[in-house]
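Residue-level listing of the chains:
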Amino acid sequence: MGNIVGIDLGTSNSVAAFKLADLEVVTAGDNTPPDRKLTRSIVTVQSERLVVGEVAYRQLNAAPEQTIVSIKRLMGRGFSDSVVQNQLADLSYKVTESSEGTANSLAVWLYGKEYEPEDISAAILRQVIANAEAYQAQTGQNSRITGAVITIPAYFNDKQRHATLTAAKRAKLTTVELLPEPTAAAISYGFKPDADDVQTILVYDFGGGTFDASLITTAGNQFIELGKAGDLWLGGDDVDSRLVNLIKQKVAEAASLRS
């Protein structure tokens, strides 16, 4: 199949695909059934090594303080960042200033050991790549994946983009291209390199942990981003959290009335 793969490095789930004659989305036996395409972007430690996916997810309820979720939100951030400070109360795991950095860096902790967000993201990438290589092996292809196109939010700044590239390097990828998520969606929607018509497309991505939107003009193989906006702290997980809190509040109110 090849040694280059496309990766959607998501806040809640990640997925890989190959573009051959047709698009082939990677499936893995230890991913979420029934389709087993999505790798949960959740990380914990087992036997002194970082593990990703279903194993980490199963630990989430039992030991949330030892399970890293939504690491994408912390990529390229500093501990003193006001956005990070405002969200600390909603994070179940420990986040501190990095012991080897400054207030412009941060660390997350698992079982008394500190990790950079890039370490956690690299572990997710390694798992997705391992799934992709295993998927290839099922068809008799045993090539090692060394390159990837990784999607990122359109509004990622230079520091966040650099953090993603650092994570990819730590995952042993030697060739990496970053592609804005809305542009990737626009390509998937109707990429025709020989087309002459010009289209203006509004693309929005409401994911598990992020929301972003871009206005894109396409003409043939050219994609011009006219505008972009987003919120790295607004997604399906946040909706779920608020619904849970609302239910807890209503239950507490009902209990107090009965008493």
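Preceding block: the structure.
Anyway, here's the lowdown on the structure attached to this text. (Residues numbered from 1 in each chain as written. Predicted model: local features only at pLDDT ≥ 70, side-chain atom pairs only at ≥ 80, totals over all residues. Heavy atoms only, no water.)

**Focus: the overall build of the protein chain**
What counts is decided by this rule: For helices the rule is a DSSP run of H or I covering at least 4 residues; for strands it is a run of E covering at least 2, with both sets numbered from the N terminus onward. Radius of gyration means the value over C-alpha atoms here, while the globule rule gives 2.2 Å times the residue count to the 0.38 power. Categorising residues by exposure relies on relative accessible area from a 1.4 Å probe, with only protein chains included: less than 20% of the type maximum marks a residue as buried, more than 50% marks it as exposed, and the intermediate range marks it as partly exposed.
Looking only at helices and strands, the protein chain features 6 helices and 15 strands. In terms of overall dimensions, the protein chain is globule-like: its C-alpha atoms have a radius of gyration of 20 Å, near the 18 Å expected for 259 residues. Its C-alpha atoms give the protein chain principal-axis dimensions of about 70 × 45 × 40 Å. Across the 259 residues that make up the protein chain, the buried fraction comes to 42%.

**Focus on unusual backbone geometry**
It is generally the case that most residues other than glycine have a negative phi and that most peptide bonds are trans. In this structure, the amide linkage connecting Pro33 to the following residue, Pro34, adopts the cis form with an omega of 10 degrees. For Pro34, the location among the structural elements is in the loop between β3 (23–25) and β4 (39–40). Unusually for a residue other than glycine, Ser70 sits at a positive phi of about 55 degrees. Tracing the chain through its elements places Ser70 in the loop between β7 (68–69) and α2 (82–87). A positive phi angle, close to 50 degrees, is found at Tyr111, a residue other than glycine. Within the secondary structure, Tyr111 is located in the loop between β9 (107–110) and β10 (113–115).

**Details of the environment of Glu177**
Inclusion rule: Contacts were defined at the residue level, with two residues in contact if any of their heavy atoms lie within 4.5 Å.
Tracing the chain through its elements places Glu177 in strand β12 (residues 175–180). Taking the C-alpha atoms as reference, Glu177 lies 4.7 Å from Val149; in sequence the two are 28 residues apart. Setting aside residues up to four positions removed in sequence, Glu177 forms contacts with Ala148, Val149 and Ile150.

**What to know about the sheet that holds strand β14 (residues 211–219)**
Counted only if it meets this: Whether two strands pair depends on DSSP finding at least two bridges between them. Between N-to-C directions, angles cover 0 to 180 degrees, with each direction set by a line fitted to C-alpha atoms, over the stretch in contact for helices.
Taken in spatial order, the 3 strands of this open sheet run β13-β14-β15, and their pairing is antiparallel. Of all the strands in the sheet, the pair left with one neighbour each is β13 (198–206) and β15 (222–231). Along the sheet, successive strands turn relative to each other by an average axial angle of 15 degrees, direction set aside. Pairing geometry for β13 and β14, over 9 bridges, is antiparallel. Within β14, the position partnered with Ile201 by the bridge is Ile216.

**Some words on the sheet that holds β7**
On the basis of which strands lie adjacent, the open sheet formed by 3 strands has the order β6-β5-β7 and antiparallel pairing. Edge positions in the open sheet fall to β6 (49–52) and β7, since each of these has one partner strand only. Bridge analysis of strand β5 (residues 42–46) against β6 gives 4 bridges, and the strand direction is antiparallel. Paired with Val45 across the bridge in β6 is Leu50.

**Notes on the packing of aromatic side chains**
This is how the line gets drawn: Only rings of Phe, Tyr and Trp enter the pairing, Trp through its six-membered ring, and a pair is recorded when the two centres are within 6.5 Å. The plane angle decides the type: under 30 degrees is stacked, over 60 is edge-to-face, the rest tilted. We call a charge positioned over a ring when the NZ of a Lys or the CZ of an Arg lies within 6 Å of the ring centre and within 35 degrees of the ring normal.
One pass over the full model with this rule turns up 3 aromatic pairs. The interplanar angle of 40 degrees and the centroid separation of 6.4 Å between the aromatic rings of Tyr204 and Phe211 together place this pair among those described as tilted. Relative accessible area serves as the criterion here: at 61%, Tyr204 is assigned to the exposed category. What links up through ring pairs into an aromatic cluster is the set Tyr204, Phe206 and Phe211. The cationic tip of Lys94 hangs over the ring face of Trp109; the distance from NZ or CZ to the ring centre is 4.6 Å.

Interpretation note: all reported values are geometric properties and have no functional meaning in isolation.
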